[in-house]
Amino acid sequence: MDLEKVLRPLIVFGGAAALAFLIGWAVDHLLKRIDDRHPETPMWGLLRRGRVPFQAVVFVALLNGFYDQTHITSEHQDTVDLWLRIILIGATAWLVLRIIAAVVETFTTRYAGVAADAARARRVKTQLTLIQRLVTTVVVIIAASAMLLQFPAMEKLGASMLASAGVLGIVAGVAAQSTLGNLFAGLSIAFGDMVRIGDEVVVDGEFGTVDEITVSYLVVRTWDDRRVTMPVSYFTSKPFENWSRGGPQMTGTVYLQLDHNTPVAALRAKTEELVRASDSWDGRSWSLVVTDTTASTIEVRAAATARTSDDLWTLRCDLREQLIAWLQAEHPYALPGLRVSSAAAFPGQDADGAAAVRKPADDKVL
């Protein structure tokens, strides 16, 4: 008789576990076959990640159906029921999160594949990601609360907290003002289209790409692979540069401090030659103008356009380097320096009244 009391629960629990494993394996095999037949959508393959929580849900459901066959005494029945409910709540929440993640990732991937506007695809990805994080937070809170309420002591605590919900709500609202502000700022960013995942931004002088957006913080990956984490409320309260908004095309500038004797026309022609020969130039526009002058130098600005910020950075660096190399080789007197001339000579003339032409061998640079 005692042996029967031991074997019955083992058979029921073992049979439920084996049957749940077989059902989970069959569903996983079916999803794999559907995924092989429909490679255009990743949903079926992503749903296979929910195999373990699905098996747990089936296991608890089978136990509830055959629980009377265990003949467990009432002394242990309450404890078993309690842990079965906890397992069911946790497994259900886990399965729901896996399904939500599969749906969100599927929509994001399919939309990115068909959207002609990359910026719009990034906006949709940002919105779906924030919605997923928000729903995940809600599901976890509900599941944790449901688990705690399974304990009798927590039921009394919950009733006491519910009775004083008004006071607790005011206190929590004041204490979590910053957190709630970040939460609403995150929703504002997601649906206000201020910044999206993949956008190139300049924040506090740091240039980088938006790598991650949550309901409370935002991560910017800088050009040297550092991660700068900032509260999302920063982007709703302070100005920042979004280089990806309105299209990736950009205009960059190169400033040179040169001597007054610089042949600007020849420099402009060389700039055009270098820009047109560069693969980073998008073919839209370029220019070279004198933007300022001082007692000893002039400021020359070369501007050119590029398709992306990476191409623009490359174009600016190449243009700066090649223009300096060309000036050093062809017009070294155009590079800035301090000229020492005879006191009898007028400005711009030598002692014989001829225009003073600066040459490296004749100058004394201090």
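Above: the structure in question.
Notes on the structure in this doc start here. Fair warning: this is a prediction, and the values are worked out from it, not measured in the lab. (Residues numbered from 1 in each chain as written. Predicted model: local features only at pLDDT ≥ 70, side-chain atom pairs only at ≥ 80, totals over all residues. Heavy atoms only, no water.)

A few words on the nonpolar core. Core analysis: the largest hydrophobic core is formed by 18 residues, its most contacted members being Leu-258, Leu-267, Val-300, Leu-319, Leu-323 and Leu-327. Taken together, the elements giving at least two residues each to this core come down to strand 6 (250-258), helix 10 (264-277), strand 7 (281-293), strand 8 (298-306) and helix 11 (309-330). No other element matches the 5 residues that helix 11 contributes to this core. Contacts of Val-300, omitting those with residues within four sequence positions, involve Val-254, Tyr-255, Leu-256, Leu-258, Leu-267, Leu-288, Val-289 and Val-290. If you look at the next biggest cluster of nonpolar residues, it comprises 13 residues, including Val-195, Val-201, Tyr-234 and Phe-235. (Core = buried A, V, L, I, M, F, W, Y, C linked by side-chain atoms within 4.5 Å. Buried < 20%, exposed > 50% of the residue type's maximum accessible area, 1.4 Å probe, protein only. Helix = DSSP H or I, 4+ residues; strand = E, 2+ residues; numbered from the N terminus. Contact = heavy atoms within 4.5 Å.)

Moving on, we come to the layout of surface pockets. Gaps left between atoms show up when a probe the size of a water molecule is rolled over them. Estimates place the volume of the second largest pocket at around 260 Å³. Contributing to the lining of the second largest pocket are Phe-207, Trp-223, Trp-243, Ser-309, Asp-310, Leu-312, Trp-313 and Arg-316. By residue number, the principal contributor to the lining of the second largest pocket is helix 11, which donates 5 residues. Split into classes, the residues belonging to the lining of the second largest pocket amount to 5 nonpolar, 1 polar and 2 charged. (1 Å grid on protein atoms, 1.4 Å probe; cavity = no way out; pocket = protein on both sides within 12 Å on 5 of 7 lines; lining within 4 Å. Points joined across faces, edges and corners; volume = space filled by probe spheres on them. Nonpolar A, V, L, I, M, F, W, Y, C, P; charged D, E, K, R; others polar.)

Turning to the pairing of strand 8, a few remarks are in order. Summarising burial for strand 8: 7 of the 9 residues are buried, a large majority. Where strand 6 lies against strand 8, 9 bridges are found, and the strand directions are antiparallel. In the strand pairing of strand 8, Thr-251 is matched with Thr-305. In the sheet, strand 7 pairs with strand 8 via 8 bridges, with the strands oriented antiparallel. The residue of strand 8 that forms the bridge with Asp-292 is Glu-299. (Pairing = 2+ DSSP bridges.)

A few words now on the sheet that holds strand 4 (residues 227-231). Judged by pairing direction, the sheet is antiparallel, and its 5 strands sit side by side in the order 4-3-2-1-5 without closing on themselves. Among the strands making up the open sheet, the edge pair consists of strand 4 and strand 5 (241-242). Bridge count between strand 2 (residues 206-213) and strand 3 (residues 217-222): 5 bridges; the pairing is antiparallel. Bridge pairing in strand 3 links Val-210 to Val-220.

Moving on, we come to the pattern of salt bridges. Once the charged atoms of two side chains with opposite charge are near each other, the side chains can pair. According to the stated counting rule, one finds 11 salt bridges in the structure shown. With a closest N to O distance of 3.6 Å, Arg-51 and Asp-28 form a salt bridge. Taken as a pair, Arg-51 in helix 3 (residues 51-66) and Asp-28 in helix 1 (residues 2-37) lie far apart in primary sequence, 23 residues in all. On the basis of relative accessible area, Asp-28 is assigned to the buried category, the value being 9%. Asp-211 serves as the salt-bridge partner of Arg-221, at 3.2 Å between the closest nitrogen and oxygen. On the criterion of sequence distance, the pair formed by Arg-221 in strand 3 and Asp-211 in strand 2 is long-range, its members being 10 residues apart. Taking the relative accessible area as the measure of exposure, Asp-211 reaches 33% and is therefore partly exposed. By sharing partners, the salt bridges in this structure join Asp-28, Arg-48 and Arg-51 into a single network. (Salt bridge = Lys/Arg side-chain N within 4 Å of Asp/Glu carboxyl O.)

That is the geometry; function is a separate question.
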